[in-house]
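Observations on chain architecture
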Amino acid sequence: ALSYHENWQQAWHSPEPKKQYDAVIVGGGGHGLVTAYYLAKEHGLRNIAVIERGWLGGGNTGRNTTIVRSNYMWDQSAALYEHSLKLWENMTRELNFNVMFSQRSVLNLAHTLNEVRITKRRINSNRLNGIDSEWLEPEDVKREVPIIDLRGGGRYPVMGGSIQRRAGTARHDAVAWGYARACSEMGVDIIQQCAVEGFDIEGGQVTGVRTSKGHIKTNKVGLVVAGHCGVLANMAGFKLPVNSRPLQALVSEPVKPIVHNVVMAGAVHAYISQSDKGELVIGAGTDAYNGYSQWGSNPVTEDTLAAICELYPLFKRMRMLRQWGGVVDTCPDASPIIGLSPVKGMYLNCGWGTGGFKATPGSGHIFADTVANNRPHPIAAPFALDRFRTGFLIDEHAAAGVAH
Ligand code: FAD
Ligand code: PYC
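Notes on the structure follow. (Residues numbered from 1 in each chain as written. Chains lettered and ligands numbered in written order. Predicted model: local features only at pLDDT ≥ 70, side-chain atom pairs only at ≥ 80, totals over all residues. Heavy atoms only, no water.)

1. Brief notes about the site of ligand 2
Within the structure, ligand 2 sits among Thr 65, Ile 67, Arg 69, Tyr 72, Met 264, Tyr 271, Thr 354, Gly 355, Lys 358, Ala 400 and Val 402. Arg 69 is positioned such that a nitrogen or oxygen atom in its side chain is 2.8 Å from an oxygen atom of ligand 2. Contacts to ligand 2 include Lys 358, whose side-chain N or O atom sits 2.5 Å from an oxygen atom. Protein chains bury 96% of the 240 Å² of accessible surface belonging to ligand 2 in isolation. The residue makeup of the shell around ligand 2, split by class, is six nonpolar, three polar and two charged. (Near = heavy atom within 4 Å. Polar contact = N/O pair within 3.5 Å; in protein donor to acceptor, adjacent residues only side chain to side chain. Areas by Shrake-Rupley, 256 points an atom, 1.4 Å probe, with all protein chains shown as cover. Nonpolar A, V, L, I, M, F, W, Y, C, P; charged D, E, K, R; others polar.)

This is the structure:
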């Protein structure tokens with residue numbers, strides 16, 4: 001099938017950087033690419049560049065476990081994640097690129113009475129915001145996931161759970177490739193293997209970006225670098241309230257279809273789905289310390305696999321094929337930062353922590369509007385950096401679903 005593949009058309013152009021752009025997006029992950037896409041498509045900016053120090057999607061976009069859902073607790077988050085979920089539902093058609101969005105449903109298990117209570121409260125909140133969310137009794141969980149041991153090996157009894165049926169998974173690389181191709185077709189320059197090393201700032205206004213491929217003049221910069229946002233903010237002379245930590249995942253050898261939904265268990269730091277290739281995709285919690293390794297520590301892997309084996313005894317003899325990590329940028333309230341920065345012309349899209357993949361299209365859409373108009377989009381406004389000064393935090397730890 002790959003005969004003559006060397007003659008395939010390139011999906012996007014890889015030009016050398018120009019001397020000047022109307023806007024530069026730093027970070028060629030999903031959020032950066034979608035931002036460029038909407039800047040070009042809806043705001044008419046075509047002289048723009050996405051600058052990526054590695055390869056497109058090589059950061060958290062290509063390292064995550066691809067769970068997409070919108071069942072967050074607070075109104076501000078519901079608006080953000082549901083906006084995104086609606087864009088997911090049309091993404092393949094919009095890009096003419098199959099992102100394999102599969103609305104196979106996401107279950108969040110409750111293992112303690114406290115979790116039962118907060119899960120039911122969140123379901124009510126979701127429904128008030130028009131988000132589909134249902135409570136499942138243990139026997140309903142068993143019907144959805146027949147291989148689960150409701151006793152959880154005695155340690156992790158399943159006391160019920162929530163289900164969002166419109167939620168699911170997508171092919172993460174395809175998201176990066178699809179948006180990159182669409183950006184390139186609109187004239188956006190996508191520059192890989194080019195690290196941003198500093199900024200020119202005059203009178204509080206950004207005027208340029210210093211990169212490993214030379215100097216670029218610009219008055220608008222979007223920082224969309226996930227786990228490295230603290231490093232880039234430092235280059236620009238300000239600090240962010242963000243911890244950067246490794247978050248890891250692993251996949252098993254492929255087996256026949258056996259897990260039909262995504263099943264998350266935040267309390268035991270283990271969640272699972274099955275890829276179209278048949279591999280079990282298993283995710284863990286973050287390391288307990290800050291770091292930049294794209295790996296994750298062994299005790300975390302061990303704890304997660306122990307929980308998986310207790311909840312799904314059938315998997316005790318499965319062999320694991322690959323393990324990796326990504327550097328996630330978590331804010332104290334487990335919500336992102338989207339908006340203006342202390343430097344004029346520099347905009348922030350970061351702090352997505354363990355859960356930004358699901359927000360990729362919505363985040364880029366509202367961030368492009370913010371960058372183009374130099375004021376927060378209404379959905380972005382509550383997620384301003386300023387909330388850490390005013391105290392209007394949006395605490396989504398319970399909905400984050402991943403221990404951190
Ligand atoms: P990235 O894809 O990381 O892109 C940022 C880019 O910036 C990188 O490519 C990086 O190379 C580049 N960069 C950094 N520094 C520089 C520099 N100096 N110059 C130029 N470029 C630079 N979220 C979910 O919603 N669902 C999940 O199931 C889920 N599972 C996860 C599992 C794991 C193991 C991990 C690690 C994360 C998971 N997440 C999940 C979180 C999600 O992956 C991220 O929040 C999201 O992908 C962030 O996208 P991004 O485009 O902002 O960042
Ligand atoms: O945000 O849904 C999520 C998630 C699941 C695994 C990692 N993040």
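From this point, the narrative continues.
2. A look at the site of ligand 1
Close to ligand 1 lie 38 residues, the nearest being Glu 52, Asn 60, Thr 61, Thr 65 and Lys 358. Asn 60 has a polar backbone atom sitting 2.8 Å from an oxygen atom of ligand 1. A distance of 2.8 Å is found between an oxygen atom of ligand 1 and a backbone nitrogen or oxygen belonging to Gly 356. When the free accessible area of ligand 1 is taken as 1,000 Å², the share hidden by the protein chains comes to 96%. Tallying contributions element by element places strand S13 (residues 243-254) first for the shell around ligand 1, with three residues. Partitioned by chemical class, the residues of the shell around ligand 1 number 16 nonpolar, 18 polar and four charged. (Helix = DSSP H or I, 4+ residues; strand = E, 2+ residues; numbered from the N terminus.)

3. Observations concerning the packing of helix H1 (residues 30-43) against helix H6 (residues 172-185)
Where H1 contacts H6, the axes come no closer than 9 Å and their chain directions differ by 30°. By the angle between their axes, H1 is roughly parallel relative to H6. In this structure, H1 crosses over H6, and the sense of that crossing is left-handed. Along its contact with H1, which presents Leu 33, Val 34, Ala 36 and Tyr 37, the element H6 presents Ala 176, Tyr 179, Ala 180, Ala 182 and Cys 183. In the contact of H1 with H6, the residues fall into nine nonpolar, no polar and no charged. (Axes fitted to C-alpha atoms, helices over the stretch in contact; angles between N-to-C directions. Parallel < 35°, antiparallel > 145°, perpendicular 65-115°, else oblique. Left-handed = near helix turned anticlockwise from the far one by under 90°. Contact = heavy atoms within 4.5 Å.)

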